[in-house]
Amino acid sequence: MALPIMGSVKRLSPIILKHRSPRRLLCAGQCVENKEASRGRVFSGIQPTGVPHLGNYLGTLESWVSLQGQYRSVVYSIVDLHSITQPQDPARLRVNILDMAASLLACGIDPERSVLFQQSQVSEHAELSWIFGCLTSMPRLRHLPQWKMKSKQKSEGSVGLYTYPVLQAADILLYKSTHVPVGEDQVQHLELAQDLARIFNNTYGDFFPEPRALLSSMRKVKSLRDPSSKMSKSDPQTMATVYLTDSPDDVSLKIRRAVTDFISEVTFDPEARPGVSNLVLLHAALAGCTVEEAVGQARGLDTGKYKQLVAEAVVQRLTPIREEIDRLRGDRGHLERVLADGADRARELAAPVLKEVRHRVGFS
């Protein structure tokens, strides 16, 4: 089957999620229109890599929590099928899945207002991925960032890594999702989902919506030890990353040792002063104020004193989350029930979609 040329296709413009305060999300300068939200469905997934760090929380999870009150249907998945594109210890993976569930619940993901489930427990994901894989050309996948970056790191990559974006597209379209919160580095993968929706519709009749990107305006939180790179769980420097379960003492120590420069005044200039600017960004995001307001609060403080202010803001925000994660970790049965209930609800949404896909393709 000939696939349509994708480069000439008009793209749907993304919606920008502007972070003004922890309690409010703005889209393109305004709240999401009630009409659009009332009929929209949000889907997003997160890999089970254990407890999230501060960058995950500010860049992704805070938005997830807010979206629960803005769209009629919100579906969040712990995408364990994606995680095995890299080697995993089975026992560690089981723990990481529950740790991620505990973290999401502690951050404010509410199973009463959203569907939270473990991807591998809904087999429709894998079947739809195979169907979409048969509609996707190899050159299309070869130029996506996931493959180019990770295959270079390992000299060669697995078939699973190569087709990762196809499974990602299946995750989204299986629920006929209309909106997907993504980072800028994932926009090309979402474009593949849009392309596959279009290809399927052109081949088998109109069925899938073309999902739109919800782009966060939150800048990437940088490593505390190397502000030229983003905060990451894989960073070998223990002082570089703040985790949601870090104790107040650990948080204070990491912020105190954050790389800055030899200028004592606090200013915001990401190019010239990346370390100090990273702290200002954290302060603004956690205090629910603008960068300008955060700099204003730092007036008269040197960077040493300002680090104390930032550490206090981090500790204040993370303490209730850390305590709730600890509580939930102690109740494995509850976490398993939440994920099982979520999987049942996800299947209820996914099964009729896949049934129709199977019929249109000719399987039934």
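Just so it is clear, the structure is predicted and the values come from calculations on it, not from any experiment. (Residues numbered from 1 in each chain as written. Predicted model: local features only at pLDDT ≥ 70, side-chain atom pairs only at ≥ 80, totals over all residues. Heavy atoms only, no water.)

Asker: When you look at the overall build of the protein chain in this model, what are you seeing that I'm missing?
Answerer: When its secondary structure is counted, the protein chain shows 15 helices and seven strands. Taken across its 364 residues, the protein chain has 49% of its residues classed as buried. In the protein chain, the proportion of contacts linking residues at least 24 apart, taken out of those at least 6 apart, comes to 75%. Split by element, the accessible area of the protein chain, about 17300 Å² in all, is 51% carbon and sulfur. (Helix = DSSP H or I, 4+ residues; strand = E, 2+ residues; numbered from the N terminus. Buried < 20%, exposed > 50% of the residue type's maximum accessible area, 1.4 Å probe, protein only. Contact = heavy atoms within 4.5 Å. Areas by Shrake-Rupley, 256 points an atom, 1.4 Å probe, with all protein chains shown as cover.)

Asker: Can you walk me through the packing of aromatic side chains in this structure?
Answerer: How two aromatic rings sit relative to each other is set out by the distance from centre to centre and by the angle between their planes. In the structure shown here, the tally under the stated rule is nine aromatic pairs. An angle of 80° between the planes, with centres 6.5 Å apart, marks the rings of Phe132 and Phe200 as edge-to-face. You can see Phe132 sitting in helix H5 (residues 124-133) and its partner Phe200 sitting in helix H10 (residues 187-204), a full 68 residues away along the chain. With a relative accessible area of 0%, Phe132 lands in the buried category. We note Lys176 situated over the ring of Phe207; from NZ or CZ to the ring centre the distance is 4.0 Å. (Phe/Tyr/Trp six-rings, centres within 6.5 Å; stacked < 30°, edge-to-face > 60°. Lys NZ or Arg CZ within 6 Å of the ring centre and 35° of its normal.)

Asker: How should the environment of Pro227 be read in this particular structure?
Answerer: Note that Pro227 resides in the loop between strand S7 (212-216) and helix H11 (248-256). Given the relative accessible area of 12%, Pro227 is considered buried. Between the C-alpha atoms of Pro227 and Pro274, which are 47 residues apart in sequence, the distance is 5.8 Å.

Asker: Quick question: what am I supposed to make of the pattern of salt bridges here?
Answerer: Pairing between side chains becomes possible if they bear opposite charge and their charged atoms approach one another. Using the criterion set out here, one finds 14 salt bridges in the structure. Residues Arg317 and Glu62 are paired through a salt bridge, measuring 2.7 Å at the closest nitrogen-oxygen approach. Of this pair, Arg317 sits in helix H14 (residues 303-329) while Glu62 sits in helix H2 (residues 54-67), and the two are 255 residues apart along the sequence. You'll find Arg317 and Glu62 in the same group, each marked buried. (Salt bridge = Lys/Arg side-chain N within 4 Å of Asp/Glu carboxyl O.)

Asker: Help me understand H10 in this model?
Answerer: The periodicity of an α-helix, 3.6 residues per turn, causes residues three or four positions apart to be oriented the same way. With 18 residues, H10 extends 26 Å from end C-alpha to end C-alpha; this agrees with the ideal 26 Å at 1.5 Å per step. Within H10, burial applies to His189, Leu190, Leu192, Ala193, Gln194, Asp195, Leu196, Ala197, Arg198, Ile199, Phe200 and Asn201. Immediately downstream of H10, the backbone of Gly205 shows phi near 100°, a positive value. (Expected span 1.5 Å × (residues − 1).)

Asker: Looking at this model, I keep getting lost on the packing of helix H4 (residues 90-107) against helix H15 (residues 332-361). Mind explaining?
Answerer: Two quantities define a packed helix pair, namely the angle between the helix axes and the distance between the axes. Packing of H4 against H15 leaves a shortest axis separation of 10 Å and a crossing angle of 80°. Compared by their axis directions, H4 and H15 come out roughly perpendicular. In this structure, H4 uses Ile97, Leu98, Ala101, Ala102 and Leu105 to contact H15, whose residues at the interface are Arg332, Leu335, Glu336, Val338 and Leu339. By residue class, the composition of the contact of H4 with H15 is eight nonpolar, no polar and two charged. (Axes fitted to C-alpha atoms, helices over the stretch in contact; angles between N-to-C directions. Parallel < 35°, antiparallel > 145°, perpendicular 65-115°, else oblique. Nonpolar A, V, L, I, M, F, W, Y, C, P; charged D, E, K, R; others polar.)

Asker: Would you mind going over unusual backbone geometry with me for this structure?
Answerer: Across residues other than glycine, the phi torsion is negative in most instances, and most of the peptide bonds are trans. With a phi angle near 50°, Lys176 is a residue other than glycine that sits in the positive phi range. You can see Lys176 is positioned in the loop between helix H9 (164-173) and strand S6 (179-182).

Asker: What exactly am I supposed to notice about the environment of Val280 here?
Answerer: Inspection of the secondary structure puts Val280 in helix H12 (residues 274-287). Take Val280: its relative accessible area is 0%, and that puts it in the buried class. Distance from Val280 to Thr290, taken between C-alpha atoms, is 9.5 Å for residues 10 residues apart in sequence. Setting aside anything within four residues of it in sequence, one finds Val280 in contact with Val266, Thr267, Phe268, Val291, Ala294, Val295 and Tyr306.

Asker: What is the right way to look at the confidence of the model for the protein chain in this model?
Answerer: Low pLDDT means the predicted atomic positions in that stretch should not be read closely. Here the protein chain averages 89 in pLDDT, and 87% of its residues register 70 or above. Segment residues 1-9 is flagged for pLDDT under 50; beyond a separation of four residues in sequence, or across chains, it makes 13 contacts in the model. Every residue in residues 20-33 is under pLDDT 50, and counting partners more than four places away or in other chains gives 34 contacts. (pLDDT = per-residue confidence, 0-100.)

Asker: Would you mind going over the environment of Gln47 with me for this structure?
Answerer: Position of Gln47 relative to the elements: it lies in the loop between strand S3 (41-46) and H2. For the pair Gln47 and Ser83, spaced 36 residues apart in the sequence, the C-alpha separation amounts to 5.9 Å. Only 3.1 Å separates the side chain of Gln47 from the side chain of Tyr164, close enough to count as a polar contact. (Polar contact = N/O pair within 3.5 Å; in protein donor to acceptor, adjacent residues only side chain to side chain.)

Asker: How should the pairing of strand S4 (residues 73-78) be read in this particular structure?
Answerer: Two faces make up the sheet, and in a regular strand the side chains alternate between them. Across the six residues that make up S4, a large majority, six, are buried. Here S4 shows two buried faces, one formed by Ser73, Val75 and Ser77 and the other by Val74, Tyr76 and Ile78. Summarising the sheet, S3 and S4 pair through six bridges and their orientation is parallel. What sits directly across from Phe43, in S4, is Val75. Of the crossover connections in this fold, the one passing from S3 over H2 to the parallel S4 is right-handed. Relative to strand S5 (residues 115-118), S4 runs parallel, the two sharing four bridges. Bridging across to S5, Ser77 finds its partner in Phe117. (Pairing = 2+ DSSP bridges. Right-handed = clockwise from strand over helix to strand, strands pointing away.)

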